[in-house]
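Structural characterization, general
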Amino acid sequence: MAQRAVWLISHEPGTPLCGTVRFSRRYPTVEKRAKVFNGTSYVPIPEDGPFLKALFFELRLLDDDKDFVESRDSCSHINKTSVYGLLVGGGELWPVVAFLKNNMIYACVPLVEQTLSPRPPLISISGISQSFELLFGIQDFLHLGQKNETELNTKLNQLPDLLLQACPFGTLLDANLQNSLDSINFASVTHPQKQPAWKVGTYKGKPQVSVSITEKVKSMQYDKQDIADTWQVVGAVTCKCDLEGIMPNVTISLSLPTNGSPLQDILVHPCVTSLDSAILTSSSIDAMDDSAFSGPYKFPFTPPLESFNLCYYTSQVPVPPILGFYQMKEEEIQVKITVNLKLHESVKNNFEFCEARIPFYNRGPVTHVEYKVSFGQLEVFRERSLLIWIIGQKFPKSMEISLSGTVTFGAKSHEKQPFDEICIGGTAYLKLHFKILDYTLTGCYADQHSVQVFASGKPKISTHRKLISSDYYIWNSKAPAPITYGSLLLSLSSWTLNGHSRKDEISRSSKVNLCQVSFYGTELEAL
């Protein structure tokens with residue numbers, strides 16, 4: 001495990017190059033090894049100028065970079081790993097680990113001890129994790145206690161000598177650069193016990209641990225036979241551990257009920273010390289079956305002082321929490337709307353709030369509304385051309401509610417009325433906003449018995465969970481609408497579709513992940 005080169009680049013929008021290389025270090029002996037290992041797929045490390053330009057292009061940081069570039073911006077090139085390929089010198093330099101933090105770009109190129117064609121899986125390249133460890137160590141050193149630009153320059157000037165000890169010949173020995181600084185007498189501060197890179201002090205006070213599980217559910221519903229409804233659950237586990245000692249150990253177990261939906265695509269905080277291999281390999285790309293790992297999901301870690309996200313996950317839940325249809329028909333200066341919503345029987349019928357927002361874009365102000373609502377109340381915002389259906393904290397016993405009415409508009413004023421490039425003509429949507437406390441759609445939970453603390457004192461343990469809507473759309477079934485696909489491969493969609501009504505049947509068993517949107521051949525950002 002070694003590094004071929006390391007860079008620190010300041011991001012300076014408005015300047016000719018949009019940035020400046022503040023520090024760079026190359027390791028010639030590692031470069032020779034790379035040439036041998038990579039063979040014909042070897043691409044040499046470029047000079048600082050070409051590297052800066054190629055990296056800023058890939059990170060979309062150039063001031064004049066506003067056009068769509070298929071090789072970088074297409075759906076098949078979505079980057080979720082901070083590992084990039086840069087086009088330099090007629091070849092592609094890969095892998096390049098890079099991230100932007102506090103207007104400073106930290107980047108390095110790890111050694112890959114095999115051919116790069118075809119690309120090996122990232123998980124098989126041990127140098128990548130070492131790259132992140134080195135860059136995070138440099139980041140902590142530069143910004144710990146930094147007050148001004150002068151102090152930053154002083155630390156940048158110390159880096160060459162520090163890396164001689166911390167990363168000799170490109171091999172990382174100690175990511176805590178403060179240790180190297182102390183050993184060569186740059187500072188008088190000593191650390192009797194080494195702390196994790198993410199922990200900058202110790203806690204004194206009453207011990208307590210707080211665990212919060214937040215799930216966000218997204219949905220796109222169409223009420224059309226030719227288009228599948230889509231939904232996705234994304235979860236985050238947030239922790240705050242106030243525990244005495246330099247390195248207290250905590251283990252949190254996430255559990256699922258018998259009929260819970262398995263957690264997938266799990267990403268963990270660097271403080272997590274170990275993981276079951278079944279957690280790492282559970283992916284939403286794989287087909288769901290009875291053999292999928294369903295927990296408990298154990299996360300042993302040494303917590304930082306601040307609140308942090310222990311992990312993120314996704315899940316393929318079988319049904320969306322609220323299913324509905326929305327129909328809107330235009331009649332000169334009026335539109336007739338019909339909405340039906342049904343809460344699934346498995347969902348907790350106790351909301352902190354629940355409302356449906358019905359905007360009318362590219363029209364004049366609302367002058368008159370006639371409506372009939374079976375439950376809740378309707379608020380009209382005339383100048384904003386917006387209806388808000390306040391459903392409240394519970395659905396009725398039937399779990400189904402409806403709204404119908406006619407909305408009349410006045411003369412359109414482009415300066416005041418809301419405008420949208422997609423919602424033209426009959427293309428319109430209803431957006432749901434809701435929150436349910438003490439509930440998750442997957443069933444994922446943690447209680448006091450799920451938290452083990454190995455530290456002095458008996459901590460107070462509190463756990464919370466909630467479900468929140470996020471981009472929860474129901475589109476007008478009588479007009480074209482943006483389409484979500486379950487694959488990263490997009491295709492153009494036909495808009496001559498025959499819809500059907502959900503008045504007779506409002507249930508559906510589609511199960512597709514939200515991924516990408518295509519609207520009239522235009523690629524939009526994933527919801």
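A quick note: this is a predicted structure, and the numbers were derived from the prediction, not measured. (Residues numbered from 1 in each chain as written. Predicted model: local features only at pLDDT ≥ 70, side-chain atom pairs only at ≥ 80, totals over all residues. Heavy atoms only, no water.)

Things to note about the overall build of the protein chain
- A tally of regular secondary structure across the protein chain gives 7 helices and 24 strands.
- Residues classed as buried in the protein chain amount to 49% of the 527 residues present.
- Expressed as a percentage of contacts within the protein chain between residues at least 6 apart in sequence, the contacts between residues at least 24 apart total 75%. (Helix = DSSP H or I, 4+ residues; strand = E, 2+ residues; numbered from the N terminus. Buried < 20%, exposed > 50% of the residue type's maximum accessible area, 1.4 Å probe, protein only. Contact = heavy atoms within 4.5 Å.)

What to know about the environment of P207
- Among the secondary structure elements, P207 is positioned in the loop between α6 (177-183) and β6 (208-221).
- Once residues lying within four places of it in the same chain are set aside, the contact partners of P207 are D242, L243, G457, K458, P459 and K460.

Looking at the pairing of strand β4 (residues 91-101)
- The buried count for β4 comes to 8 of 11 residues, which makes it a mostly enclosed element.
- Sheet topology places strand β3 (residues 83-88) next to β4; 5 bridges connect them, and they run antiparallel. Among the inter-strand pairings, V88 is bridged to a residue of β4, identified as G91.
- Where β3 hands over to β4, the hairpin turn is made up of 2 residues, of which G89 adopts a positive phi near 55°.
- Of the pairings in the sheet, the one linking β4 to strand β5 (residues 104-110) comprises 5 bridges and is antiparallel in character. When the bridges of β5 are listed, F99 appears paired with Y106.
- Taken together, β4 and the strand that follows it, β5, pair antiparallel across an intervening segment of 2 residues, in which N102 is found at a positive phi of about 55°. (Pairing = 2+ DSSP bridges.)

Quick notes on helix α2 (residues 48-58)
- Within α2 the residues assigned to the buried category are F51, L52, A54, L55, F56 and E58.
- At the exit of α2 stands R60, carrying a positive phi of roughly 60°.

Description of unusual backbone geometry
- For the bond running from W94 to P95, omega is -5°, close enough to zero to count as cis.
- Looking at where P95 falls in the secondary structure, it is placed in strand β4.
- Going from S117 to P118, the amide bond is cis rather than trans, its omega being 0°.
- Mapped onto the elements of the fold, P118 is located in the loop between β5 and α4 (126-143).
- In this model, F169 sits at a positive phi of 50°, which is unusual for a non-glycine residue.
- With respect to the secondary-structure elements, F169 resides in the loop between α5 (149-166) and α6.
- Accessibility expressed as a relative area gives 61% for F169, which makes it exposed.
- Phi is positive for S385, close to 50°, though the residue is something other than glycine.
- Among the secondary structure elements, S385 is positioned in the loop between β16 (377-381) and β17 (386-390).

Some words on the pattern of salt bridges
- Going through the model one piece at a time under the given rule, you end up with 12 salt bridges.
- The shortest N-O distance in the salt bridge between R465 and D438 comes to 3.8 Å. With R465 in strand β21 (residues 460-475) and D438 in the loop between β19 (429-437) and β20 (451-454), this residue pair connects regions lying 27 residues apart in the sequence. (Salt bridge = Lys/Arg side-chain N within 4 Å of Asp/Glu carboxyl O.)

Looking at the packing of aromatic side chains
- Following the criterion strictly, the structure yields 13 aromatic pairs and no others.
- Judged by centre distance (5.7 Å) and plane angle (70°), the ring pair of F301 and F308 falls under edge-to-face.
- Aromatic ring contacts, followed pair by pair, group F99, Y106, F132 and F136 into a single cluster.
- Positioned over the ring face of F141 is K155, at 5.4 Å from the centre of the ring. (Phe/Tyr/Trp six-rings, centres within 6.5 Å; stacked < 30°, edge-to-face > 60°. Lys NZ or Arg CZ within 6 Å of the ring centre and 35° of its normal.)

So, the pairing of β5
- With 7 of its 7 residues buried, β5 lies for the most part within the structure.
- Side chains M104, Y106, C108 and P110 of β5 all project onto a buried face; the interleaved residues I105, A107 and V109 project onto the opposite face, where all are buried too.

Some details on the sheet that holds strand β8 (residues 249-254)
- Reading across the sheet, the 3 strands line up as β10-β8-β20 and stay open at both edges, with antiparallel pairing between neighbours. Edge strands, defined here as strands with exactly one partner in the open sheet, are β10 (297-301) and β20. Strand after strand, the sheet turns through a mean of 10° between neighbouring axes, direction not considered.
- Direction of pairing for β8 relative to β10: antiparallel, over a ladder of 5 bridges. Bridge pairing in β10 places I252 opposite F299. (Axes fitted to C-alpha atoms, helices over the stretch in contact; angles between N-to-C directions.)

Thoughts on the packing of α4 against α5
- Relative to each other, α4 and α5 sit at 140°, their axes nearing to 10 Å. Our classification of the angle between α4 and α5 gives oblique. Here the hand of the crossing between α4 and α5 comes out right-handed. In contact with L134, I138, F141 and L142 of α4, α5 contributes L152, K155, L156, Q158, L159, L162 and L163.
- Here the contact of α4 with α5 is composed, by residue class, of 9 nonpolar, 1 polar and 1 charged. (Parallel < 35°, antiparallel > 145°, perpendicular 65-115°, else oblique. Left-handed = near helix turned anticlockwise from the far one by under 90°. Nonpolar A, V, L, I, M, F, W, Y, C, P; charged D, E, K, R; others polar.)

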